[in-house]
Amino acid sequence: MPRLASKIEAILYLKAQPLTVTEIAEFAACDRETAEEGLMELMADYAHREGALEVAETPNGYTLQLRETYHHLVQTLVPADLGVGALRTLAAIALRGPISQTELVELRGSGAYQHVPELVELGFVRKRRQSDGRSYWLQVTNKFHQYFQMHQLPQEFDQHVKAKP
């Protein structure tokens, strides 16, 4: 049986987005207090490593992310050459996500059909079929958060975005 800290590390890696302690506890199949202990152990492990990754607390929860000292590599190694339309589509997915592709097309127009494959190929968007099989769910990935350094936004902005319908 893997230790809880390792299980939490796998959860953070696979979810690729900030998670609350409650969500971590649910995915790890343990109570909140045990999840907090495992999370603190994992954070201590990463704090003592000299690696490129860290477990950080953001306004939206805990996340496994690239240390700030390596952010310049994201810009260098993963340059995004997106047009204005694709950037607007990406922004809509980021602000409304997860969002259905049908809803995205209603919001952004039929050009979104061309933007989505490009955004998926660049690794900024994850696309998965809805349970009824008629459309897809779209949401931004951890690469999106790292590339655009979303964890560095002021908390007031994040709360303002969440308050929007």
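So, about helix α1 (residues 4-15). Taking 1.5 Å of rise per residue, 12 residues should cover 16 Å, and α1 covers 16 Å from first to last C-alpha, within 8% of that figure. Buried residues in α1 make contact with α2 (21-28), α3 (32-48), β1 (53-58) and β2 (61-66). Just downstream of α1, Ala16 is the residue with a positive phi angle, here 55 degrees.

Orientation of helix α5 (residues 84-96) relative to helix α6 (residues 101-108), taken along the N-to-C sense of each, is 125 degrees, at an axis distance of 11 Å. Comparing the axis directions of α5 and α6 gives the class oblique. The hand of the α5/α6 crossing is right-handed. Residue-level contacts link Gly85, Arg88, Thr89, Ala92, Ile93 and Arg96 of α5 to Glu103, Leu104, Leu107 and Arg108 of α6. Among the residues making up the contact of α5 with α6, the classes are represented as 4 nonpolar, 2 polar and 4 charged.

Strand order across the open sheet formed by 3 strands is β3-β5-β4, with antiparallel pairing between neighbours. Across the chains shown, the open sheet's two edge strands, defined by having one partner strand only, are β3 (99-100) and β4 (125-129). Here β4 runs beside strand β5 (residues 136-140); their pairing, made up of 5 bridges, is antiparallel. Paired with Lys127 across the bridge in β5 is Leu138. Relative to the sheet, α5 contacts β3, β4 and β5, its axis offset from that of β5 by approximately 90 degrees.

The next subject is the pairing of β1. Sheet analysis places β1 next to β2, joined by 6 bridges and oriented antiparallel. Within β2, the residue paired with Ala56 across the bridge is Thr63. Counting the residues that bridge the hairpin from β1 to β2 gives 2 residues.

What counts as what
- Residues numbered from 1 in each chain as written.
- Predicted model: local features only at pLDDT ≥ 70, side-chain atom pairs only at ≥ 80, totals over all residues.
- Heavy atoms only, no water.
- Helix = DSSP H or I, 4+ residues; strand = E, 2+ residues; numbered from the N terminus.
- Expected span 1.5 Å × (residues − 1).
- Contact = heavy atoms within 4.5 Å.
- Axes fitted to C-alpha atoms, helices over the stretch in contact; angles between N-to-C directions.
- Parallel < 35°, antiparallel > 145°, perpendicular 65-115°, else oblique.
- Left-handed = near helix turned anticlockwise from the far one by under 90°.
- Nonpolar A, V, L, I, M, F, W, Y, C, P; charged D, E, K, R; others polar.
- Pairing = 2+ DSSP bridges.

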